[in-house]
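Report on the structure
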Amino acid sequence: MKLGMVGLPNVGKSTLFNALTNAGAESANYPFCTIEPNVGIVSVPDERLDWLAELYDTLSFKPATLEFVDIAGLVKGASKGEGLGNKFLANIRECDAIIHVVRCFESDDIIHVEGSVDPKRDIETIDLELIFADLESLERRLDRAKKALKGDKKYQADIDMTEALIAHLTDGKPARSYPFTDEEAEMIKSTPLLSQKPVIYAANVSESDFSDLDACKNYQAVKAIADAEGSVALPICAEIEAEISEMDDDDKKMFLADMGLEVSGLGRVIKEGYALLGLISFLTAGHDECRAWTIKRGTKAPQAAGKIHTDFERGFIRAEVVAFDDLKACGSMNAAKEKGLVRSEGKDYVVADGDVILFRFNV
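Residues numbered from 1 in each chain as written. Predicted model: local features only at pLDDT ≥ 70, side-chain atom pairs only at ≥ 80, totals over all residues. Heavy atoms only, no water.

**Details of the packing of aromatic side chains**
Using the following cut-off: Pairing of aromatic side chains here covers Phe, Tyr and the six-membered ring of Trp, requires ring centres within 6.5 Å, and sorts the geometry by plane angle: under 30 degrees stacked, over 60 edge-to-face, intermediate tilted. In this description a helix means any DSSP run of H or I spanning at least four residues, a strand means any run of E spanning at least two, and both kinds are numbered starting from the N terminus. Type-normalised accessible area, obtained with a 1.4 Å probe on protein chains alone, sets the label of each residue: buried when under 20%, exposed when over 50%, and partly exposed for intermediate values. In this scheme, the term charge over a ring applies when either NZ of a lysine or CZ of an arginine sits within 6 Å of the ring centre and within 35 degrees of the ring normal.
Counted under the stated rule, the structure contains 6 aromatic pairs. Where Trp51 meets Phe324, the ring centres are 5.6 Å apart and the plane angle is 90 degrees; that geometry is what we call edge-to-face. Placement of Trp51 in helix H2 (residues 47-56) and of Phe324 in helix H14 (residues 324-330) is noted, with a sequence separation of 273 residues between them. Taking relative accessible area as the criterion, Trp51 reaches 21% and is therefore assigned partly exposed. By way of ring pairs, the aromatic residues Phe282, Trp293, Phe316 and Phe359 are connected into one cluster. A cation sits over an aromatic face here: Arg291 above Trp293, 4.1 Å from the ring centre.

Quick look at the structure:
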């Protein structure tokens, strides 16, 4: 999973990136301190994998990973090349989803490129730049479809969808809020749209506002926008996350407990990211290696096996599966087998989150 962190300059994007990844990206009080995108790869915390590694006294421990990309701050006119717009758009195109960092904190010490804090305006600024870039792509698509229509009438459906989508975007609405049919969703894949990418709005609030979000008007404005388009609003305080990132595990747990939180911002971002993209993890375990594998929800066993190696999918015979909770309750794989909890599943089995799987294959 590759998440692109975007936002206007000076919204706390690089500070949050550093806190989540400990990557040490430059962070300063002036626009465009991020020019080339900073990349941080973090391990996805998974207590199930920790337990399996202890059970098998494993030699190699490999959790799933998540890639954060801290992309240059965006300004008005980016779609026309203003600021670092072209670079920004190229970077975000490569990401699976967007973490849109929105400034919700007030501070006289940190300048705002627009001179004031207004989450609704800031979100619209970024959305419009993505929309403008998408409109250019759709106009080219429409032109190609109209030319092709002269020789093949099947392109009429493509034209109808593209024209409707252009009208939707022209109203200032992102493509992710367009009601695609299944057929249209398949058609539009050939023209990947920036404003169609799933979004987590990371509302960067002050420490005082974080403890009373109901009274934070700026956060509530972000939440209203996210709710209206089916996205996610995640309240987060970059300053708090920066403090947490410097703590050891014990101090971190105590700090989070005092804040009334179960997990850090990283944990919450991962949870929302997985849910937004429809991702789950299955597990493989043994003395040599314990590992978590990320797949799309609804993936069948042979395709899940293919995540490990293409030979596993090509020569798939069966999958020996046990739910992690059942395995943990039994205490060992042998005990789970004795209770009949280890199942033999075929090609049509849909892998569930937390499945512990041994694939049988022959090539």
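Now that the structure is up, let's keep going.
**With respect to the packing of helix H4 (residues 119-149) against helix H5 (residues 156-170)**
Where we set the bar: Angles here are taken between N-to-C directions and fall from 0 to 180 degrees, while the axes themselves are lines fitted to C-alpha atoms, restricted in helices to the stretch in contact. Here roughly perpendicular refers to angles of 65 to 115 degrees, roughly parallel to angles under 35, roughly antiparallel to angles over 145, and oblique to all remaining angles. Take the far helix as the reference: if the near one is turned anticlockwise from it by less than a right angle, the crossing is left-handed, and if turned clockwise, right-handed. Residue contacts follow a heavy-atom distance rule, with two residues in contact if any of their heavy atoms lie within 4.5 Å. As a working rule, the residues Ala, Val, Leu, Ile, Met, Phe, Trp, Tyr, Cys and Pro are called nonpolar, Asp, Glu, Lys and Arg charged, and the rest polar, with Gly in that last group.
One way to put it is that H4 packs onto H5 with a least axis distance of 9 Å and a crossing angle of 160 degrees. Compared by their axis directions, H4 and H5 come out roughly antiparallel. Every pair of crossing elements has a handedness; the one defined by H4 and H5 is left-handed. Residues Ile131, Asp134, Leu135, Leu138, Glu139, Arg141, Leu142, Ala145, Lys146 and Leu149 of H4 form the contact with H5, whose own contacting residues are Gln156, Asp158, Ile159, Met161, Thr162, Glu163, Leu165, Ile166, Leu169 and Thr170. Tallied by class, the residues present in the contact of H4 with H5 amount to 11 nonpolar, 3 polar and 6 charged.

**A word on a negative patch on the surface**
What counts is decided by this rule: Only residues whose relative accessible area exceeds 30% and that take part in no salt bridge are eligible for patches, with like-charged residues grouped when within 9 Å of each other and nonpolar side chains (Val, Leu, Ile, Met, Phe, Trp, Tyr) grouped when within 5 Å. Method for areas: the Shrake-Rupley scheme with a 1.4 Å probe, in which residue coverage is limited to the protein chains shown. For salt bridges, the criterion is a side-chain nitrogen of Lys or Arg within 4 Å of an Asp or Glu carboxyl oxygen. The charge count includes Lys and Arg as positive and Asp and Glu as negative, but it does not include His or the ends of the chains. Charge coordinates come from a single atom per side chain, which is NZ of Lys, CZ of Arg, CG of Asp or CD of Glu.
Together, Asp248, Asp249, Asp250 and Asp251 line one region of the surface with negative charge. Locating Asp250 in the fold gives a position in helix H10 (residues 249-258).

**A few points about the pattern of salt bridges**
Scanning all chains against the criterion turns up 20 salt bridges. In this structure, the salt-bridge partner of Lys13 is Asp70, at a minimum N-O distance of 2.9 Å. Residue Lys13 is located in helix H1 (residues 13-21), and its partner Asp70 is located in strand S4 (residues 65-70); the two are separated by 57 residues in the primary sequence. Asp348 is paired through a salt bridge with Lys300; the nearest N and O atoms lie 3.8 Å apart. Taken as a pair, Asp348 in the loop between strand S11 (343-345) and strand S12 (355-361) and Lys300 in the loop between strand S9 (290-296) and helix H12 (301-308) lie far apart in primary sequence, 48 residues in all. On the basis of relative accessible area, Lys300 is assigned to the partly exposed category, the value being 34%.

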